[in-house]
Amino acid sequence: MAQTAVSRPLLTPEAQQRFTSVYRAEFPYVWKSLGRLGAREREREDLAHDVFTTAFRHWDAYDAARPVRPWLFGIAYRVLLDFRRKRQNQMEDVMERVELADAARSADDALAAQQAWALAARALDALELDRRAVFVMHEIDERPIPEVAQELGIPLNTAYSRLRLARRDFNQKVAEYQTGRMAP
Amino acid sequence: MMDEPLEPLSAAALTLVLAERARPDDAGLPVEAVLARVSSTVGLATRAALWTKVVIGAVSAVVGAGLGGGGVYWRMTQQAAPPAPVASAAPVAPALQVEVAVAPAPVPVPVLPPAPAKSKLPVRAAPAPVAADSLDAEKVLLERARTALLRREAAAAWAALEEHRRQYPRGSLSEERDAMRVQVLAQLGRDDDAAGEAQAFEARYPGSLFLPLVKQAVDRAP
């Protein structure tokens, strides 16, 4: 994301403190959301930086009465979209995540969960970014579709349409995996 | 509103979604390192106004003499930053403002549905329409079973699974059905039956996607 100067004055000290508090509380969520949106592992730090830099610059436009996570998610989506357009890069290498998951396993329970997360990541990788964002926000973050549409800046009908297509693709990918047609 | 009805998530897909919802935050994230970079970026972008803030004393500025162009690096906060990466899923910021709505931190829970289904889960209350082919009909039955399982209506789930077994003993979705049978038996507290079915499942489908979930159902049976 371009580091353009802004004419807006610095935030008040109180606003800066609030930003920092939200930053610390929500950094793990933003990190996780970037992964769910398909950011490569090695890109996530730069993208997280861009998300919070954008959030800082628009902080005085943020309505504190609204939940902060959907707002941050909307920023993360735009940052990644922008990044993709510039780089034209591919979705994250699936194996990268699976190996990470394997490395983190510690017990049988953890193993089962890690496998489910790895499979979820692989199925998510089958979704186009636009649909993926709607799917993650609605199905995983459990935000209602009108809120999804608002935070992603898309018409309500478009949000529903993307959700429908995303569910279809996600179901299909999981089914493919079950029948062994999805490459390991 | 919609041209076509929303397709519900399949049993396996929903299982993955539920697991992902419950996924705890990663440990060892570069929280402070990225914060320093964010501070640096926005500080450089607005450094013309920086000294005012420094005089106010709200921010402590550190002038990096050796930095090209006399770049000014500053910190946005006086909070004592923990030197080590934050490894906990719980928010650590002591001064988190109450007006900021922070969603509850996810609890590391098992992959299996831990609680009764919420109202937003797809519920097939009315009898399903007659499917055009057997795969669709199989899906309808398993969808009914899954919904009941998530709502902890084990008897209803079992009935749907049994119906599937009667109609499609070697159906395309037998693997999914047999995995759910273990989950339902575990939910019913029939631990021995669940363990037996789990063992048979593993023998029948050694590389199954559902195997970890089947094992977990047995391990976590009450």
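Nothing here was measured: the structure is a model prediction, and the numbers come from that model. (Residues numbered from 1 in each chain as written. Chains lettered and ligands numbered in written order. Predicted model: local features only at pLDDT ≥ 70, side-chain atom pairs only at ≥ 80, totals over all residues.)

## Quick word on the overall build of chain B
Counting its secondary structure elements, chain B contains 8 helices and 2 strands. Along the chain direction, N to C, the helices and strands of chain B fall in the order α-α-α-β-β-α-α-α-α-α. Out of the 222 residues belonging to chain B, those deemed buried represent 34%. Counted over contacts in chain B with a minimum sequence separation of 6, partners at least 24 positions apart contribute 58%. (Helix = DSSP H or I, 4+ residues; strand = E, 2+ residues; numbered from the N terminus. Buried ≥ 20, exposed ≤ 12 C-beta atoms within 10 Å, placed from the backbone. Contact = placed C-beta atoms within 7 Å.)

## Points about the overall build of chain A
Scanning chain A from terminus to terminus reveals 8 helices and 0 strands. Across chain A, helices and strands are ordered from the amino to the carboxyl terminus as α-α-α-α-α-α-α-α. When burial is assessed residue by residue, chain A has 48% of its 184 residues classed as buried. Of all intrachain contacts in chain A linking residues separated by at least 6 positions in sequence, the fraction that spans at least 24 positions is 70%.

## Considering the nonpolar core
Core analysis: the biggest nonpolar cluster contains 92 residues, and A:Val51, A:Ala76, A:Ala120, B:Leu16 and B:Val182 have the highest contact counts within it. In terms of domain composition, this core takes at least three residues from each of domain 1 (31-74) and domain 2 (134-219) of chain B. If sequence neighbours within four positions are ignored, A:Val51 has contacts with A:Val30, A:Leu72, A:Ile75, A:Ala76 and A:Val79. (Core = buried A, V, L, I, M, F, W, Y, C linked by C-beta atoms within 7 Å. Domains from an automatic or database assignment.)

## Here's the deal with the packing of helix H4 (residues 134-150) of chain B against helix H5 (residues 154-167) of chain B
Residue and element names in this part refer to chain B. Where H4 contacts H5, the axes come no closer than 7 Å and their chain directions differ by 160°. The orientation of H4 with respect to H5, classified from their angle, is roughly antiparallel. Viewed along their axes, H4 and H5 form a crossing whose handedness is left-handed. Along the contact surface, H4 presents Glu138, Leu141, Leu142, Arg144, Ala145, Ala148 and Leu149, while H5 presents Ala156, Ala157, Ala160, Leu161, Glu163 and His164. Here the contact of H4 with H5 is composed, by residue class, of 9 nonpolar, 1 polar and 3 charged. (Axes fitted to C-alpha atoms, helices over the stretch in contact; angles between N-to-C directions. Parallel < 35°, antiparallel > 145°, perpendicular 65-115°, else oblique. Left-handed = near helix turned anticlockwise from the far one by under 90°. Nonpolar A, V, L, I, M, F, W, Y, C, P; charged D, E, K, R; others polar.)

## What about the packing of helix H6 (residues 129-140) of chain A against helix H8 (residues 156-178) of chain A?
Residues and elements named next belong to chain A. At a minimum axis distance of 8 Å, the contact between H6 and H8 shows a crossing angle of 90°. In this view, H6 runs roughly perpendicular relative to H8, as classed from their interaxial angle. Touching Asp130, Arg131, Arg132, Val134, Phe135 and His138 of H6 are Ala159, Arg162, Leu163, Leu165, Ala166, Asp169 and Phe170, all from H8. Grouping the constituent residues of the contact of H6 with H8 by class yields 7 nonpolar, 1 polar and 5 charged.

## Some words on helix H1 (residues 11-21) of chain B
Burial analysis of H1(B) places 10 of its 11 residues in the buried class, the great majority of the element. Where H1(B) is concerned, the buried positions are B:Ala11, B:Ala12, B:Ala13, B:Leu14, B:Thr15, B:Leu16, B:Val17, B:Leu18, B:Ala19 and B:Glu20.

## Section: the environment of A:Leu34
Residues and elements named next belong to chain A. With respect to the helices, strands and loops of the structure, Leu34 is situated in helix H1 (residues 13-36). Taking C-alpha positions, Leu34 is 7.7 Å from Leu47, a pair spaced 13 residues apart along the chain. Leu34 has contacts with Ala39, Arg44, Leu47, Ala48, Ala76 and Leu80, leaving out every residue within four places of it along the chain.

## A word on unusual backbone geometry
Residue and element names in this part refer to chain A. Its identity is not glycine, yet Glu142 carries a phi of approximately 60°, on the positive side. Note that Glu142 resides in the loop between H6 and helix H7 (145-152). According to the C-beta neighbour criterion, Glu142 is exposed, with 12 such atoms within 10 Å.

## Comments concerning the environment of A:Val79
All names here are of chain A. On the secondary structure map, Val79 appears in helix H3 (residues 68-87). Overall, Val79 belongs to the buried group, with 25 C-beta atoms counted inside 10 Å. For the pair Val79 and Thr54, spaced 25 residues apart in sequence, the C-alpha separation works out to 8.5 Å.

## What to know about the confidence of the model for chain B
Residues and elements named next belong to chain B. For chain B, per-residue confidence averages 65 on the pLDDT scale, and residues scoring 70 or more make up 56% of the total. Within chain B, strand S2 (residues 72-74) has the poorest average pLDDT of any element, 31, and H1 the best, 91. Contacts for the low-pLDDT stretch residues 44-131, under 50 throughout, to residues beyond four places or in other chains number 140 contacts. (pLDDT = per-residue confidence, 0-100.)

## Brief notes about the confidence of the model for chain A
Any region with low pLDDT has predicted coordinates that should not be read closely. Residue and element names in this part refer to chain A. Confidence along chain A averages 82 in pLDDT terms, with 79% of residues attaining 70 or more. At the level of individual helices and strands, chain A shows its lowest average pLDDT in helix H4 (residues 94-103), which scores 42, and its highest in H6, which scores 97. In this model residues 1-9 is a low-confidence stretch, pLDDT under 50, and it forms 12 contacts with partners more than four residues away in sequence or in other chains. Confidence drops under pLDDT 50 across residues 89-107; counting only partners more than four residues distant or on other chains, this segment forms 23 contacts.

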